[in-house]
Amino acid sequence: MVQNQTDPAIISNHRSHDHEQCQSEALDAARLICARRGTRLTEMRQRVLELIWNGHSAVKAYDLLEMLSAPDRAVRPPTVYRALEFLLENRLIHRIESLNAYVGCPSPGESHVSQFLICENCAVVTELLGQDIARLVRAEADQHGFLIRRQTVEVHGLCQQCQAA
Ligand SMILES: [Zn+2]
Ligand SMILES: [Zn+2]
Ligand SMILES: [Zn+2]
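Identification of the protein as Transcriptional repressor from Iodidimonas nitroreducens is taken from an unreviewed UniProt entry. Looking at the Sequence similarities (unreviewed entry) heading of the UniProt record, one finds this comment for the protein: "Belongs to the Fur family."

**Student:** Teacher, can you tell me more about the packing of helix α3 (residues 43–52) against helix α4 (residues 61–68) here?
**Tutor:** The axes of two packed helices give the description: the angle between them and the distance between them. Contact pair α3 / α4: the axes reach a minimum separation of 11 Å and the direction vectors enclose 115 degrees. Considering their axes alone, α3 and α4 lie roughly perpendicular with respect to each other. As α3 packs across α4, the resulting crossing turns out to be right-handed. Counted together, Met44, Arg47, Val48, Leu51 and Ile52 of α3 and Leu64, Met67 and Leu68 of α4 form the full contact between these two elements.

**Student:** Explain the nonpolar core to me, please; I cannot follow it from the model alone.
**Tutor:** As a rule of thumb, nonpolar side chains are buried together in soluble globular proteins. Of all hydrophobic cores here, the largest spans 25 residues; its most connected members are Val48, Leu49, Leu64, Leu84 and Leu87. Counting only elements with at least two residues in this core, the list comes to α2 (19–37), α3, α4 and α5 (77–89). In this view, leucine 64 contacts Val48, Leu51, Ile52, Val59, Val80 and Leu84; residues no more than four positions away in its chain are not counted. Core analysis: the second largest hydrophobic core is formed by eight residues, Ala58, Leu99, Ile118 and Val125 among them.

**Student:** Explain the coordination of the zinc ion (ligand 3) to me, please; I cannot follow it from the model alone.
**Tutor:** Coordination angles at a metal have ideal targets, namely 109.5 degrees for four tetrahedral donors and 90 or 180 degrees for six octahedral donors. For the zinc ion (ligand 3), the full set of protein donor atoms is Cys119 (SG), Cys122 (SG), Cys159 (SG) and Cys162 (SG), and the range of their distances to it is 2.2 to 2.3 Å. Between the four donor atoms coordinating the zinc ion (ligand 3), the angles at the centre fall across 102 to 115 degrees, so the site counts as tetrahedral. For the zinc ion (ligand 3), the single-chain donor residues occur in sequence as C-x2-C-x36-C-x2-C. Here cysteine 122, found in the loop between β3 (114–119) and β4 (125–127), pairs with cysteine 159, found in the loop between β5 (152–157) and α7 (160–164); they are 37 residues apart in sequence, far enough to count as distant. For the pair cysteine 122 and cysteine 159, one class covers both residues: buried.

**Student:** So what exactly am I meant to see when it comes to the sheet that holds β5 here?
**Tutor:** Strand-to-strand pairing in sheets goes through backbone hydrogen bonds, with the strands running parallel or antiparallel. With mixed pairing, the three strands of this open sheet are ordered in space as β4-β3-β5. Looking at the sheet topology across the chains shown, the edges are occupied by β4 and β5. Within the sheet, the average angular offset between the axes of one strand and its neighbour, ignoring direction, is 20 degrees. Note: β3 against β5, six bridges, orientation parallel. Within β5, the position partnered with glutamine 115 by the bridge is valine 153.

**Student:** Just to check I follow, could you spell out the packing of aromatic side chains for this structure?
**Tutor:** Ring pairs (aromatic) are described by centroid distance and by the angle formed between their planes. Tallied over the entire structure, the rule returns zero aromatic pairs. It is arginine 45 that lies over the ring of phenylalanine 86; its NZ or CZ is 3.7 Å from the centre.

**Student:** Mind showing me how you'd approach the coordination of the zinc ion (ligand 1) here?
**Tutor:** Protein coordination at the zinc ion (ligand 1): the donors are His17 (NE2), His19 (ND1), Cys22 (SG) and His56 (NE2), at 1.9 to 2.4 Å from the metal. Around the zinc ion (ligand 1), the four donor atoms sit at angles spanning 100 to 116 degrees, and that spread fits a shape best called tetrahedral. Ordering the donors of the zinc ion (ligand 1) by residue number gives the pattern H-x1-H-x2-C-x33-H. Remark: histidine 56 occurs in the loop between α3 and α4 and histidine 19 occurs in helix α2; sequence separation between them is 37 residues.

**Student:** Looking at this structure, how should I read the pattern of salt bridges?
**Tutor:** Pairing is possible between side chains that carry opposite charge, provided their charged atoms lie close to one another. Under the criterion given, the structure shown has four salt bridges. Two residues, arginine 31 and aspartate 28, come together in a salt bridge whose shortest N-O distance is 2.9 Å. Of this pair, arginine 31 and aspartate 28 both sit in helix α2, separated by three residues, roughly a single helical turn.

**Student:** I tried to follow the environment of phenylalanine 116 on my own but got confused; where do I start?
**Tutor:** Here phenylalanine 116 shows up in strand β3. Take phenylalanine 116: its relative accessible area is 1%, and that puts it in the buried class. Each C-alpha atom of the pair phenylalanine 116 and valine 153 lies 6.1 Å from the other, and the pair is 37 residues apart in sequence. Phenylalanine 116 has contacts with His94, Ile96, Val103, Val125, Thr126, Glu127, Val153, Glu154 and Val155, leaving out every residue within four places of it along the chain.

The rules behind the values
- Residues numbered from 1 in each chain as written.
- Chains lettered and ligands numbered in written order.
- Predicted model: local features only at pLDDT ≥ 70, side-chain atom pairs only at ≥ 80, totals over all residues.
- Heavy atoms only, no water.
- UniProt positions renumbered as here; feature names shortened; annotations may be inferred.
- Axes fitted to C-alpha atoms, helices over the stretch in contact; angles between N-to-C directions.
- Helix = DSSP H or I, 4+ residues; strand = E, 2+ residues; numbered from the N terminus.
- Parallel < 35°, antiparallel > 145°, perpendicular 65-115°, else oblique.
- Left-handed = near helix turned anticlockwise from the far one by under 90°.
- Contact = heavy atoms within 4.5 Å.
- Core = buried A, V, L, I, M, F, W, Y, C linked by side-chain atoms within 4.5 Å.
- Buried < 20%, exposed > 50% of the residue type's maximum accessible area, 1.4 Å probe, protein only.
- Donors = N, O, S within 2.8 Å, 3.2 Å for Na, K, Ca; no water.
- Tetrahedral: all angles 85-135°; square planar, octahedral: opposite > 155°, others 65-115°.
- Pairing = 2+ DSSP bridges.
- Phe/Tyr/Trp six-rings, centres within 6.5 Å; stacked < 30°, edge-to-face > 60°.
- Lys NZ or Arg CZ within 6 Å of the ring centre and 35° of its normal.
- Salt bridge = Lys/Arg side-chain N within 4 Å of Asp/Glu carboxyl O.

Structure representation (structure tokens):
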């Protein structure tokens, strides 16, 4: 379940650290990565990234669509999906498959396996950047002569804040 951005639990999660800094660092990193690759972080792409980085919770495309649309300006789904596609391709965000939602990557621009802790209460997603799990899975897969194409670990549970509440 993905709650919207004004959920009090999510806000309290944001306040436990300087999230404005997270968000501005993520946007700076995205600009840098795009400039280096010669791609363009258009206004729409940047706006979508900014909205995803409103917090550390997974955001659904539908919610992005709603946040981007104004009464006098409807944003069409393909516009949002194209922006998401661009952000995924440039490794600025991840898709959380079990939620069909998106989060910002704290280590953007690099290729890495997707490993997430997902809070079922507040939808905050923590990305695990350690390589031990991936290494173990690779070793086990090797023993089966299995060629890994895509590796995703999505662990559901309760974050520290939600356990305390
Ligand atoms: Zn933050
Ligand atoms: Zn990542
Ligand atoms: Zn939580």
